[in-house]
Structures are given as C-alpha cells and as structure tokens.
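Listed here are the chains, written in short residue letters.
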Amino acid sequence: YTTLFRSLFLDETDIQFIGNILKEDQKDEIDYRKIFRKELFFYDVEFKNKEEILEHMTREMQIRGLISKEGSKSVFKREEMSTTELGNMVAIPHAMSNDSEEAVVSVMILKKPILWENEKVQVVLLLNVPKSQYNMWEVVFKRLYQYLIGDQGVTKLIKDKDYDDFIRHLERNE
C-alpha cells in the first residue's frame, strides 16, 4: 500500500489532494452532452409566463421519453410550493418525483425576460434527476451555478445562445 497521509488528521494539503482526485474522477464520469441535450436546448423563444414555458419544456421532454406524465405534473406542483428562481435572470424548476433512469436538463433562453414570480427570468433550466443520481448531480449543479452566477455565464449564454460553448464551460476544469 502507498501511504498517502502522514498523520491521523488531514491538513489543508491533504484535503486539497483528495479534492483534486475526486474532481478528476467526477469529471471523467460526467457526460454533460448526455445530461444537457442539444435537442432540449431552446433559444430565441418567446412565452408570456412560466406556465407556458414549463408546458413547452415538459412536453418536449415527454415526447422524447425523458419525463413521465407524473413527472411533468410534479414540476408544476413543485413550482406552486415555492418559486424556483435563483436570481441573476435564472430559474431552475424541477420535478418532485422522477421515475426515469437518467438525469436530463432542458435549457431555454428567452428572447426577452419574463416575470417568473418575484424576479425577471431569461434562462430556464428544467431538471429531471433521478434519486439514484443525486450524488453526481451535486457536482453538476455546483459547476452550473459557478458558471451561470459566479462566472457571469448567464450573460454570455443570453448573448451567444451557443450550446457547444455552454457545454465547454461545464466540462472545463475549475
């Protein structure tokens, strides 16, 4: 066995070392193009309200067999419970119940922002993540949040509307 640690307690260097190993392992496991599918990447679209948006997005996922009717209904139920707007022009609605096997996210970039609940939203990411993939999703969500909010990616996404560029940013090492 190779000895990785010199003492019983981890110091900052040990923690950073473990983090780098985990980050590399997780990076290799995550196929962002499979989660954020090109056929579910919509841009320059116009809708009047969040209900129309969610109808369109859940219908597109249903057509492709990526969400059930129950899953679609649960997206609306979840939205009634409390708003899914994040601020910074972003909303992340999601299904409460999910009987699918794979994680999938639909992305919509509106031509003009709409009032979601309390704030204006122009980028909507509809999540459908099975419980079996919550651990993987945590990594994806952190990267997504870092890009959209931390790196001002939402501004770039609204301006460029470029699927491949969006995926490249998610795949990029931090």
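Residues numbered from 1 in each chain as written. Predicted model: local features only at pLDDT ≥ 70, side-chain atom pairs only at ≥ 80, totals over all residues. Heavy atoms only, no water.

Undergrad: Quick rundown of the pattern of salt bridges? Include the residues and the values.
TA: Applying the stated criterion across every chain, the model contains 16 salt bridges. With its nearest N and O atoms 3.6 Å apart, the salt bridge here joins Lys112 to Glu46. Linking Lys112 in strand E4 (residues 104-115) with Glu46 in the loop between strand E1 (36-45) and helix H3 (50-63), this pair joins segments that are 66 residues apart in sequence. Lys112 sits in the exposed class, given a relative accessible area of 52%. For Glu46, a relative accessible area of 49% corresponds to the partly exposed category. Within this structure, Lys156, Lys159, Asp160, Asp165 and Arg168 form a network of salt bridges that share partners. (Salt bridge = Lys/Arg side-chain N within 4 Å of Asp/Glu carboxyl O. Helix = DSSP H or I, 4+ residues; strand = E, 2+ residues; numbered from the N terminus. Buried < 20%, exposed > 50% of the residue type's maximum accessible area, 1.4 Å probe, protein only.)

Undergrad: Break down helix H6 (residues 153-160) for me, with residues and values.
TA: Turning to H6, its buried residues are Gly153, Val154, Leu157 and Ile158. Looking down the long axis of H6, one finds its buried residues gathered within 135 degrees of arc, a one-sided arrangement. Looking at the buried side of H6, the elements it contacts are E1, strand E3 (90-91), E4, strand E5 (120-128), helix H5 (134-150) and helix H7 (163-171). In the segment just after H6, Lys161 is the residue with positive phi, at about 50 degrees. (Arc of directions from axis to C-beta. Contact = heavy atoms within 4.5 Å.)

These results come straight from atomic positions and should not be treated as a statement about function.
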